[in-house]
Amino acid sequence: MNGKIVKGIGGFYYVKTAKEEIYECRARGVFRKENVKPYIGDIVEISVENGKGSVEKILPRKNCLIRPPVANIDLLVIVAAVASPEPNMMLIDKLLINSEINGIKPIICINKTDVKSDEAIRKVYQNSGYPILSVCASEEKGLDELIPYIQGKTSALAGLSGVGKSTILNLLTDTIQETGSVSDKIQRGRHTTRHVELLDLKCGGYVLDTPGFSSFEVCDIKASDLYRYFPEMAEVGDNCRFKGCSHINEPDCAVKELVTKGLLHQSRYNSYIEIYNQLKLIKEWEK
């Protein structure tokens, strides 16, 4: 029979079938020999004998992420807080790029709007074309705008620890997730999610609670292709005076003109430059 892996702990995979039955399974040894590992979200073929399940086959994946190890994601909800912790624009940009690379639709969800205005974050991404939602999870406000995006889909929440992912999950699911406070000294939340798990949404579909990110790198593309993963830059990136323009040092650059005109926020452009320089340091054979 076929099912979806909804949780994995200690070498056991919990597979949910179309009949809503959950089987505890081990992966066959052949996966280890082929250096293949089942991911949460995988659609798999299993066999059950004497109450013991075995993952026999992993069906083709629509997409997959290595960190966290998840597969077949329809939507990435990037959660950022307006404060406590302060928004990390570089992390948001890296998550957006990786969504684009993996064919996952991203949306930006701004939380803790009771503490501070969301205007600063919105201004950075207003020309990106990505949906931007504002919520106040502690007061249960704004989540009705999120539901149409996630209903019937397999979504993942990603963002720094302490931004309110677990609080949002508690409102969207019937599972109570531990929530964590933010350190006054370092303005970071402590990790409350200890493993990756697919949870049932009240509105239908699944949501992945993924461990908080403190760092996340872009490494699967060439530096020369990076501009294609910034929607603001993608359409004009080939209109520069010089072919193969890096959009950093060359004159008559269409991308730098966007910055001058305010059509590409300086924060987004700074992220582009930093990620571009990081990608230039990676040898081609490492990509």
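Refer to the structure presented above.
On a predicted model such as this, the values are computed, not experimentally measured, just so you know.

K.L.:
Outline the side chain of Lys165, listing residues and values.
P.N.:
Assignment of secondary structure puts Lys165 in helix H5 (residues 165-172). A relative accessible area of 7% places Lys165 in the buried class. At 3.2 Å, the side chain of Lys165 and the backbone oxygen of Gly159 are in polar contact.

K.L.:
Requested: an account of the packing of aromatic side chains, with residues and values cited.
P.N.:
Following the criterion strictly, the structure yields three aromatic pairs and no others. Both rings, one in Tyr269 and one in Tyr272, keep their centres 6.3 Å apart while their planes meet at 10°; by these two values the pair is stacked. One end of the pair is Tyr269 and the other is Tyr272, both in helix H8 (residues 266-280) and three residues apart, which spans about a single turn. The pair formed by Tyr269 and Tyr272 is uniform in burial state, with each residue classed as buried. Ring centres 5.8 Å apart and planes at 35° place the aromatic pair Tyr272 and Tyr276 in the tilted group. Within this pair, Tyr272 and its partner Tyr276 are both found in helix H8, separated by four residues, close to a single helical turn. Neither Tyr272 nor Tyr276 differs from the other in exposure class; each is buried.

K.L.:
Can you break down the pairing of strand E4 (residues 43-49) residue by residue, with the values?
P.N.:
Relative to E4, strand E1 (residues 2-9) runs antiparallel, the two sharing three bridges. Directly across from Lys4, in E4, lies its bridge partner Ile43. Sheet analysis places E4 next to strand E5 (residues 52-58), joined by six bridges and oriented antiparallel. Counted as the bridge partner of Glu45 is Lys57 from E5. What sits between the antiparallel neighbours E4 and E5 is a turn of two residues, in which Asn50 has the positive phi angle 55°.

K.L.:
Give a description of helix H4 (residues 143-150) that names residues and reports values.
P.N.:
The complete set of buried residues in H4 reads Leu143, Leu146 and Ile150. Projected down its long axis, H4 carries its buried residues within an arc of 50°, all on one side. Along H4, exposed side chains directed more than 90 degrees from the buried face belong to Asp144 and Pro148.

K.L.:
Describe the pattern of salt bridges, and please don't skip the residues or the numbers.
P.N.:
A full pass over the atoms with the stated rule returns twelve salt bridges. In this structure, the salt-bridge partner of Arg268 is Asp93, at a minimum N-O distance of 2.8 Å. In this pair, Arg268 is assigned in helix H8 and Asp93 in helix H2 (residues 89-101), connecting sequence segments 175 residues apart. Judged by relative accessible area, which is 0%, Asp93 ranks as buried. In this structure, the salt-bridge partner of Glu257 is Lys261, at a minimum N-O distance of 3.0 Å. Here Lys261 and Glu257 lie together in helix H7 (residues 254-261), a separation of four residues that amounts to about one turn. Lys261 sits in the exposed class, given a relative accessible area of 57%.

K.L.:
For unusual backbone geometry, give the residues involved together with the corresponding values.
P.N.:
Glycine aside, the phi torsion of most residues is negative, and most peptide linkages are trans. Residue Pro85 follows Ser84 across a cis peptide bond; omega there is 5°. With respect to the element layout, Pro85 can be found in the loop between strand E8 (75-81) and H2. Non-glycine residue Asn35 carries a positive phi angle of around 55°. In this fold, Asn35 is placed in the loop between helix H1 (29-33) and E4. Taking the relative accessible area as the measure of exposure, Asn35 reaches 72% and is therefore exposed. Even without glycine at this site, Lys112 takes up a positive phi of about 65°. Looking at the element boundaries, Lys112 is found in the loop between strand E9 (105-111) and helix H3 (119-125). Lys112 sits in the buried class, given a relative accessible area of 18%.

K.L.:
Run through the packing of H2 against H8, naming residues and quoting values.
P.N.:
Put simply, H2 and H8 touch, their axes get as near as 10 Å, and they point 70° apart. Overall, the two elements H2 and H8 adopt an arrangement that is roughly perpendicular. Seen from above, H2 lies across H8 with right-handed handedness. From H2, Met89, Met90, Asp93, Lys94, Leu96 and Ile97 reach across to H8, where they touch Ser267, Arg268, Ser271, Glu274, Ile275 and Gln278. Residues that form the contact of H2 with H8 fall into these classes: five nonpolar, three polar and four charged.

So, how was this worked out
Residues numbered from 1 in each chain as written. Predicted model: local features only at pLDDT ≥ 70, side-chain atom pairs only at ≥ 80, totals over all residues. Heavy atoms only, no water. Helix = DSSP H or I, 4+ residues; strand = E, 2+ residues; numbered from the N terminus. Buried < 20%, exposed > 50% of the residue type's maximum accessible area, 1.4 Å probe, protein only. Polar contact = N/O pair within 3.5 Å; in protein donor to acceptor, adjacent residues only side chain to side chain. Phe/Tyr/Trp six-rings, centres within 6.5 Å; stacked < 30°, edge-to-face > 60°. Pairing = 2+ DSSP bridges. Arc of directions from axis to C-beta. Salt bridge = Lys/Arg side-chain N within 4 Å of Asp/Glu carboxyl O. Axes fitted to C-alpha atoms, helices over the stretch in contact; angles between N-to-C directions. Parallel < 35°, antiparallel > 145°, perpendicular 65-115°, else oblique. Left-handed = near helix turned anticlockwise from the far one by under 90°. Contact = heavy atoms within 4.5 Å. Nonpolar A, V, L, I, M, F, W, Y, C, P; charged D, E, K, R; others polar.

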